[in-house]
Structure formats: C-alpha cells, structure tokens
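If you want the building blocks of each chain, they are given just below.
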Amino acid sequence: MIHMTRRLMTAALLWVCLGHAGAQEVEASDMVRGGLQVIQMVDQGRTGELWDGAAPGARKRVTRSQFIAQIGQARQPLGAAQQRTWVAINRQVVDNADADLAGQYVSVEYETRFANKTNGTVRELVSFHLDRDSVWRFIGYVLR
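Rules used throughout
- Residues numbered from 1 in each chain as written.
- Predicted model: local features only at pLDDT ≥ 70, side-chain atom pairs only at ≥ 80, totals over all residues.
- Heavy atoms only, no water.
- pLDDT = per-residue confidence, 0-100.
- Contact = heavy atoms within 4.5 Å.
- Phe/Tyr/Trp six-rings, centres within 6.5 Å; stacked < 30°, edge-to-face > 60°.
- Helix = DSSP H or I, 4+ residues; strand = E, 2+ residues; numbered from the N terminus.
- Buried < 20%, exposed > 50% of the residue type's maximum accessible area, 1.4 Å probe, protein only.
- 1 Å grid on protein atoms, 1.4 Å probe; cavity = no way out; pocket = protein on both sides within 12 Å on 5 of 7 lines; lining within 4 Å.
- Points joined across faces, edges and corners; volume = space filled by probe spheres on them.
- Nonpolar A, V, L, I, M, F, W, Y, C, P; charged D, E, K, R; others polar.

1. Considerations on the confidence of the model for the chain
Consideration 1: Averaged over the chain, the pLDDT score is 87; the fraction of residues at 70 or greater is 83%.
Consideration 2: Counting contacts from residues 1-17, a segment whose pLDDT is below 50, to residues more than four positions away or on other chains yields 25 contacts.

2. What to know about the packing of aromatic side chains
Consideration 1: A full pass over the atoms with the stated rule returns 1 aromatic pair.
Consideration 2: On the basis of an interplanar angle of 70 degrees and a centroid distance of 6.0 Å, the ring pair of F67 and F138 is categorised as edge-to-face. Remark: F138 occurs in strand β4 (residues 136-143) and F67 occurs in helix α5 (residues 64-75); sequence separation between them is 71 residues.
Consideration 3: A relative accessible area of 7% means that F67 is categorised as buried.
Consideration 4: We classify F138 as buried; its relative accessible area is 1%.

3. What about the layout of surface pockets?
Consideration 1: The computed volume of the largest pocket comes to approximately 400 Å³.
Consideration 2: For the largest pocket, the lining is made up of 21 residues, of which R61, I139, G140, Y141 and V142 are closest to its centre.
Consideration 3: The element contributing the most residues to the lining of the largest pocket is β4, with 6 residues.
Consideration 4: Looking at side-chain class alone, the lining of the largest pocket contains 16 nonpolar, 4 polar and 1 charged residues.

Now the structure itself:
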C-alpha cells in the first residue's frame, strides 16, 4: 500500500509539473522544471519513488532495486551537488515495436558541479517519454 501511495504521489508530481499536454504543447521551461524535480529526488535519495512513478518503458528495462543501486553507485562518489545549470533540451521520436518504448522523448541536460569532483563538471541527463495516455513521464537519468 505504501508503494502504491508513493507511486501515485510521484506520478501526480510529474503530472502537475509537466502537465497533461500533447507533444506540440509542452513548454521547454516545464521540461526543465520537471527535470530539476527528478534530480532533486535523486539528490534526496528518493530514487525508489522516482522509479515507482516512471514510464512503463523504464520499469521494463530495469528493476526497482537495480535502478536504486545503479544511481546510488554513480552519485555517491560525487558528493552533494554544488551548482546546477540546464544546458540543452532535445526532442526525439523513436520507432520501436514495443509500444511502451516507441514515441516521443524529451531529454534535458544539466551541467552540475559536485563537492567531490573539484576538477570540472558532470552532465546529468533526465529523459521523459510521452506515454500512450498523453502524459509526459520520467523514463531515465544518466550521468555523463
């Protein structure tokens, strides 16, 4: 029951942030704010909740425990985020036989300075997928 409540809360968070809008109607600023909300959840160690509200395609590719472990392993050595700036927004249409993976994607890239990485910045990439119900949902987080 707790997991279902968290999942609904996360989905509601992304729904409010990104809106119930078609691909042509989505605003870049909404995607940047949505990406920041995703990253703040990662910063706060709420990656399980993030996975719970993710697009079906994301949950197909990796289990909840794998998702939490992978992000934890990638982020832990970097320390706390010191400064974060969005640098790019990209849109892409993907053709895939799997309906949960096919369709429109928007990715927002942030350049981030972390406490334990004093020799430069790291790129954080947050991706969203326009699901079949016309709602943009989180589908991926990657460090570059």
